[in-house]
Amino acid sequence: MIVVSSIVKKYGNKIALDNVSLEVKKGEFVSLIGPNGAGKTTLIRILLTLMKPDKGEVQILGENPFRNKRIFKAIGYVQEIPNYPPFLTGRQVLELSAKIRGVDKSEVKRVLEFVEMENYANSPIIKYSKGMVQRIAIAESLLGNPSILIMDEPNMGIDPIFSLKTRELLNKLKRKDNVSILMTSHELEDVKKLSDRIFMIYKGKIVFSGTVEDMIKEFLGIQVIVETDEIENAEEALKGIEYVKGVFNDGNRLIVKLNEDRREDLLRDLVTSGVKVKGFYIDLNLEEAYMRALRNV
Amino acid sequence: MFEIMLYEWRRAIARKKVIVLSIITFIFELGIYLAIYLAPSHSLKTLIIPLSPYLWALGVLLPQVLLIHFLAISIASGSMAEEYEQGTVDYFISKPITRLRFVMEKWLGSFSLLLIIYLFMVVLALILSSLLFGVQSELILLPELFFSIIFSTLVFLNIAFAIGEILRRSNLSFTISGFILIASIIVSDVLVFVSVITHNSNYETISEYLPTWGSTELPFMLLHNSPFSAIARGLNILPSISNNVSLAIVSIVVYSLIPLVLSIINFLGRDISKKVS
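Chain B appears in an unreviewed UniProt entry as ABC transporter permease from Saccharolobus solfataricus.

Naming follows an unreviewed UniProt entry, where chain A appears as ABC transporter related of Saccharolobus islandicus.

This is the structure we're talking about:
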């Protein structure tokens, strides 16, 4: 659905994107993460034809977006900081958007209901709070059931309840409606729960691509959480096992670092040592992996 | 189709500067008609009586002297620039709209709005002149005059539009375009004045290359040797000596096409960077 091939973008002498390639397949949720100024928004702006790449190629729905703008009928976009004409009301913004995208006017009512903005839709945008503007941006991106969603920090400035609702919606869009989603976000909890794949970008370069689990494995190694009432026994049982790199006592659970992915062996060894294991799962601490990745690059 | 053009009307009308200038122009027109109608001077009345059937032309020509060009600048200076200043250009370009369509509809929106505002002024002139001075004559000249004035506004409309697009700052565009208009009128009048007193036509020839020459002189040239020449003379303080209509048309075409083409090329080729609040 989205293919970015060897994109290079420079601002004067500064390289904003250095040979960046990525792909978002049909029904796939891809997150673009990285610190501020890494190049995430520049990449999004190239996809939206707001900027032209110096080198490389972009294809959306099999077309070059710079040559065929009709494909944008199928693309919903949420800006990082949505800017709308201040003299228009929320409803007028959505109606204008629906007209331009050739979407039926009844869609405006549907998306307004979804973002719970029906009661404020007739007020000028200039009177909206940041969160309300963001809701209108999300509503606008959903007009006409797009097959691709490009979202630049969609949860910025919105309250936790609506943020949760947005997350549920994105999950539904991905699973049931097969929508391809490309999202940039600093909310790593969202990234972890929603993404099929992550691309980490740093100083204009893709420094990691893969699943959340892959990223944690690469930067933190394999960490397993063992929940048991017999912490001391479990610690004792793990001493001297060659594939165990380290064991950390975290109160009522153990964090076990492994040299290689031998989770099954670990569980078996604990059980055969007589430890009653109440919980056993891989530690998906994306935040720590992200911090480690930043330090490493 | 034309969603951007209709949006452009709303955007321009939402600007106080455009509204204030339109109101000033309307009040000015109304004021002039009332002043002539209520003039206490007997000699002025004697002078006006023979012109009474042609006084519709006064209201039609009045904005042409300066105000309509300022109105054009006011509308066009923010047309593209405000979209960058407010970051709203992203909203449009991330939709199924080509850049060419966007810039052309924005321009068309500015021009058509100016045309509508001027049309109201003309209607006001016709109503006031008929009500205050009786039945009006020679209205057959109205379409020619109307279109020549609208045509001549293209110069400063396009200059302001282009400066707004290139500099992406509406206030800067308004100031620079306004300065070009005023400076060009002053220099042109000085050159015509020097030409008259020195009998050296070279000074006037130089003035013919200024952007205001065609755009301010064309409608007056068309009224040369018409029953309206007295009104035209009254409004055009330092009229051009030459009466070269073709040259005036070429001047308008050149001075309006160059900035328009530049603004289109600039918009098609330049990146739209993120608005930094």
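Let us keep going from here.
Draft legend 1. Expanded view of the overall build of chain B. When its secondary structure is counted, chain B shows 15 helices and 0 strands. On C-alpha atoms alone, chain B measures out to a radius of gyration of 20 Å, which is about the 19 Å that the 2.2 N^0.38 rule sets for 277 residues. Referenced to the eigenvectors of the C-alpha coordinate spread, the extents of chain B come out at roughly 65 × 45 × 30 Å. The burial tally for chain B puts 44% of its 277 residues in the buried class. Look at the contacts in chain B between residues 6 or more apart in sequence, and 84% of them connect residues 24 or more apart.

Draft legend 2. Broad picture of the packing of helix H4 (residues 56–65) of chain B against helix H9 (residues 142–152) of chain B. Residues and elements named next belong to chain B. In contact at an axis separation of 10 Å, H4 and H9 are set at 10° when each is read in the N-to-C sense. Of the possible angle classes, the one that applies to H4 and H9 is roughly parallel. Note on element contacts: H9 touches H4 through Leu142, Leu145, Phe146 and Ile149, opposite Ala57, Val60 and Gln64. A breakdown of the residues in the contact of H4 with H9 according to their chemical character gives 6 nonpolar, 1 polar and no charged.

Draft legend 3. Region of interest: the UniProt feature "transmembrane region" (unreviewed entry) in chain B. As recorded in UniProt, the feature "transmembrane region" (unreviewed entry) lies at residues 18–39, 54–76, 107–133, 145–164, 176–197 and 245–268 of chain B. Helix makes up 100% of residues 245–268 of chain B and strand 0%. Its end C-alpha atoms lie 34 Å apart.

Draft legend 4. Structural context of the sheet that holds strand E7 (residues 180–184) of chain A. All names here are of chain A. Spatial ordering of the open sheet is given by E5-E6-E7-E3-E8-E9, a layout of 6 strands whose pairing is mixed. If you trace the sheet from one side to the other, it starts and ends with strand E5 (75–78) and strand E9 (205–210), each paired once. Neighbour-to-neighbour, the strand axes of this sheet turn through a mean angle of 15°, independent of strand direction. Bridge count for strand E6 (residues 148–152) against E7 is 5 bridges, and the pairing is parallel. Its bridge partner lying in E7, Leu149 is registered against Ile181.

Draft legend 5. Up close: the UniProt feature "domain: ABC transporter" (unreviewed entry) in chain A. According to UniProt, the feature "domain: ABC transporter" (unreviewed entry) maps to residues 2–228 of chain A in the numbering used here. The span residues 2–228 of chain A carries 33% helix and 29% strand; its end-to-end C-alpha distance comes to 45 Å.

Draft legend 6. Representation of the interface of chain B and chain A in the model. Every contact between the two is made by 21 residues of chain B and, on the other side, 24 residues of chain A. Mapped onto the side of chain B that touches chain A, the elements with two or more residues apiece are helix H1 (3–13) and helix H7 (89–93) of chain B. Take the side of chain B that touches chain A: its biggest share by element is 4 residues, from H1 of chain B. Residues of the side of chain B that touches chain A, tallied by class, amount to 7 nonpolar, 6 polar and 8 charged.

Draft legend 7. Just the nonpolar core, in detail. Ile150 of chain A together with Ala57, Ala72 and Ala160 of chain B are the most contacted members of the largest nonpolar core, which has 138 residues in total. If you tally residues by element for this core, the top one is helix H8 (residues 99–133) of chain B, at 12 residues. Each of domain 1 (2–210) and domain 2 (216–296) of chain A accounts for three or more of the residues forming this core. Discounting residues that sit within four places of it in the chain, Ile150 of chain A has contacts with Ile44, Leu47, Leu48, Ile75, Tyr77 and Leu182 of chain A. Core analysis: the second largest hydrophobic core is formed by 11 residues, Val226, Ala234, Leu254 and Leu266 of chain A among them.

Draft legend 8. Structural context of helix H1 (residues 40–47) of chain A. The buried fraction of H1 of chain A is high, at 8 of 8 residues. Turning to H1 of chain A, its buried residues number three or more, namely Lys40, Thr41, Thr42, Leu43, Ile44, Arg45, Ile46 and Leu47 of chain A.

Draft legend 9. How the structure looks around the domain arrangement of chain A. Residue and element names in this part refer to chain A. For chain A, the domain assignment lists domain 1 (2–210) and domain 2 (216–296). Using C-alpha coordinates to define each centre, domain 1 is positioned 37 Å away from domain 2. Each partner contributes to the interface: domain 1 provides 8 residues, whereas domain 2 provides 7 residues. Counting only elements with at least two residues in the side of domain 1 that touches domain 2, the list comes to helix H6 (188–194) and E9. At 3 residues, the largest contribution of residues to the side of domain 1 that touches domain 2 is made by H6.

Draft legend 10. Structural context of the confidence of the model for chain A. Averaged over chain A, the pLDDT score is 89; the fraction of residues at 70 or greater is 100%. Least confident of the elements in chain A is helix H5 (residues 160–175) of chain A, whose mean pLDDT is 81; most confident is strand E4 (residues 55–60) of chain A, at 96.

Draft legend 11. Quick peek at the environment of Phe29 of chain A. All names here are of chain A. Mapping Phe29 onto the fold places it in strand E3 (residues 29–33). Here Phe29 falls in the buried class, since 23 other C-beta atoms lie within 10 Å of it. Residues Phe29 and Leu238 lie 209 residues apart in sequence; the distance between their C-alpha atoms is 38 Å. Not counting residues within four places of it along the chain, the set of residues in contact with Phe29 comprises Lys174, Ile181, Leu194, Ser195 and Asp196.

Draft legend 12. Expanded view of helix H3 (residues 106–114) of chain A. Residues and elements named next belong to chain A. Every buried residue belonging to H3 is among Val108, Val111 and Leu112, and all of these are buried. Down the axis of H3, the buried set is contained in an arc of 105°. They therefore lie on one face. In H3, those exposed residues whose orientation departs by more than 90 degrees from the buried face are Ser106 and Glu113. Where H3 is buried, its residues touch helix H2 (90–101) and helix H4 (130–142). Remark: Glu116 follows H3 within two positions and exhibits a positive phi of approximately 55°.

Draft legend 13. Representation of the sheet that holds E4 of chain A. All names here are of chain A. Taken together, 3 strands build an open sheet; the order of strands is E2-E1-E4 and the sheet is antiparallel. Edge strands, defined here as strands with exactly one partner in the open sheet, are strand E2 (14–24) and E4. Across the sheet, the mean angle from the axis of one strand to that of its neighbour is 20°, orientation sign disregarded. Where strand E1 (residues 2–11) meets E2, 7 bridges bridge the pair, whose relative direction is antiparallel. If you follow Lys10 over to E2, its bridge partner there is Ile15. The sheet contacts of H1 involve E1, E2 and E4, and relative to E1 the element is tilted by about 115°.

What counts as what
- Residues numbered from 1 in each chain as written.
- Chains lettered and ligands numbered in written order.
- Predicted model: local features only at pLDDT ≥ 70, side-chain atom pairs only at ≥ 80, totals over all residues.
- Helix = DSSP H or I, 4+ residues; strand = E, 2+ residues; numbered from the N terminus.
- Rg over C-alpha atoms; globule rule 2.2 N^0.38 Å.
- Buried ≥ 20, exposed ≤ 12 C-beta atoms within 10 Å, placed from the backbone.
- Contact = placed C-beta atoms within 7 Å.
- Axes fitted to C-alpha atoms, helices over the stretch in contact; angles between N-to-C directions.
- Parallel < 35°, antiparallel > 145°, perpendicular 65-115°, else oblique.
- Nonpolar A, V, L, I, M, F, W, Y, C, P; charged D, E, K, R; others polar.
- UniProt positions renumbered as here; feature names shortened; annotations may be inferred.
- Pairing = 2+ DSSP bridges.
- Core = buried A, V, L, I, M, F, W, Y, C linked by C-beta atoms within 7 Å.
- Domains from an automatic or database assignment.
- pLDDT = per-residue confidence, 0-100.
- Arc of directions from axis to C-beta.

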